[in-house]
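The chain contents come next:
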Amino acid sequence: MAKRYEIDTRQAIMWNYSIAAFLAWFFYRPDWPPISGSLYPTYIALGLLLPSLFLILALSVKFTGIVRTDIAQRLSLFIPVLAAFLLFGEYFSDLKLAGIGVAFLAIICSVRWQKNENGSGAYWIYPLSVFIGMGIIDILFKQIAKTTAIPFTSSLLVVFLLAFVVSAIFLFYLFLSKKVKFTLVNILCGWILGIANFGNILFYLKAHQALALTPSLVFSGMNIGVILLGSFVGVIIFREKLSRLNYAGIVLALISIIMMTFSS
């Protein structure tokens with residue numbers, strides 16, 4: 001909808017992190033992590049990756065649609081799954097390995113294999129970038145979550161603030177170059193986006209607290225729900241055109257997530 005309402009996604013992404021940081025402080029009032037903490041390289045990496053990936057997400061939705069972008073985002077699950085096996089020595093069952101194989105098939109079926117408008121490159125690069133970027137971000141967040149010395153809420157506040165600063169520096173450079181003009185609509189849209197962004201994390205954590213003994217239920221419910229709702233919105237509301245192969249990719253994505261989630 002950004003093009004229709006002349007919304008600058010770069011500005012909306014920047015303001016999104018300002019309200020997300022404020023809400024993290026407002027709800028949790030976390031202490032600032034010690035400067036000497038070992039997580040700061042992870043904070044910096046996330047501060048750079050989060051706004052960058054948000055831009056890529058916007059491009060992916062623009063050029064390939066909500067459905068394919070959501071599938072790529074959710075299938076990024078298999079990257080931290082592979083990391084758990086290769087880096088952390090987690091045991092892989094036959095079901096989990098089969099789930100990874102199905103995930104690859106889902107990606108192949110879901111992406112839009114065609115040239116872009118000027119005839120160069122291809123649309124598939126956007127969901128592929130989402131797929132890889134989300135996987136890396138998930139690994140970094142897992143690194144933060146397993147560090148018990150620093151509360152997760154403190155880390156979240158730092159990450160949101162760093163992402164805001166990185167975005168602000170980028171936008172300020174464009175402003176000085178007269179390539180961007182700050183407008184109120186972008187602030188408002190960014191805050192709406194930020195509320196949803198923070199709310200996603202807030203209720204995800206609450207779900208894990210309420211269903212502490214069945215985390216697979218929380219994870220599978222979130223991923224399957226996003227794919228189904230994203231597909232519904234993309235096809236019904238925004239009239240996205242999908243081929244039979246794309247619909248097969250949606251089904252395979254759901255199957256692969258169920259297999260990987262319940263194989264542990």
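**Q** Can you explain the side chain of Asn16? Please cite residues and give values.
**A** Here Asn16 is to be found in helix 1 (residues 9–28). We classify Asn16 as buried; its relative accessible area is 0%. At 3.2 Å, the side chain of Asn16 forms a polar contact with the side chain of Asn197.

**Q** For the side chain of Ser18, give the residues involved together with the corresponding values.
**A** With respect to the helices and strands, Ser18 occurs in helix 1. Separated by 2.6 Å, the side chain of Ser18 and the backbone oxygen of Trp15 make a polar contact. For Ser18, the residues in contact, after removing those within four places along its chain, are Phe164 and Trp191.

**Q** So what about the packing of aromatic side chains? Which residues, and what values?
**A** If you walk through the whole model with that rule in mind, you get 11 aromatic pairs. Between Phe27 and Phe198, the ring centres sit 5.8 Å apart and the planes meet at 20 degrees, which makes this aromatic pair stacked. On the criterion of sequence distance, the pair formed by Phe27 in helix 1 and Phe198 in helix 8 (residues 184–210) is long-range, its members being 171 residues apart. Accessibility expressed as a relative area gives 2% for Phe198, which makes it buried. Taken together through their ring pairs, the aromatic side chains of Phe22, Trp25, Phe26, Phe27 and Phe198 make up a single cluster. Positioned above the aromatic ring of Trp25 is the side chain of Arg29, whose terminal nitrogen or guanidinium carbon lies 4.1 Å from the ring centre.

**Q** Break down the packing of helix 1 against helix 2 (residues 40–64) for me, citing the residues and quoting the values.
**A** Between helix 1 and helix 2, the least distance of the axes is 10 Å, while the angle of their chain directions is 140 degrees. When the axes of helix 1 and helix 2 are compared, the pair comes out oblique. As helix 1 packs across helix 2, the resulting crossing turns out to be right-handed. In this structure, helix 1 uses Thr9, Arg10, Ile13, Asn16 and Tyr17 to contact helix 2, whose residues at the interface are Leu50, Pro51, Phe54, Leu55 and Ala58. Looking at the contact of helix 1 with helix 2 residue by residue, the classes come out as 7 nonpolar, 2 polar and 1 charged.

Reading the values: the criteria
Residues numbered from 1 in each chain as written. Predicted model: local features only at pLDDT ≥ 70, side-chain atom pairs only at ≥ 80, totals over all residues. Heavy atoms only, no water. Helix = DSSP H or I, 4+ residues; strand = E, 2+ residues; numbered from the N terminus. Buried < 20%, exposed > 50% of the residue type's maximum accessible area, 1.4 Å probe, protein only. Polar contact = N/O pair within 3.5 Å; in protein donor to acceptor, adjacent residues only side chain to side chain. Contact = heavy atoms within 4.5 Å. Phe/Tyr/Trp six-rings, centres within 6.5 Å; stacked < 30°, edge-to-face > 60°. Lys NZ or Arg CZ within 6 Å of the ring centre and 35° of its normal. Axes fitted to C-alpha atoms, helices over the stretch in contact; angles between N-to-C directions. Parallel < 35°, antiparallel > 145°, perpendicular 65-115°, else oblique. Left-handed = near helix turned anticlockwise from the far one by under 90°. Nonpolar A, V, L, I, M, F, W, Y, C, P; charged D, E, K, R; others polar.

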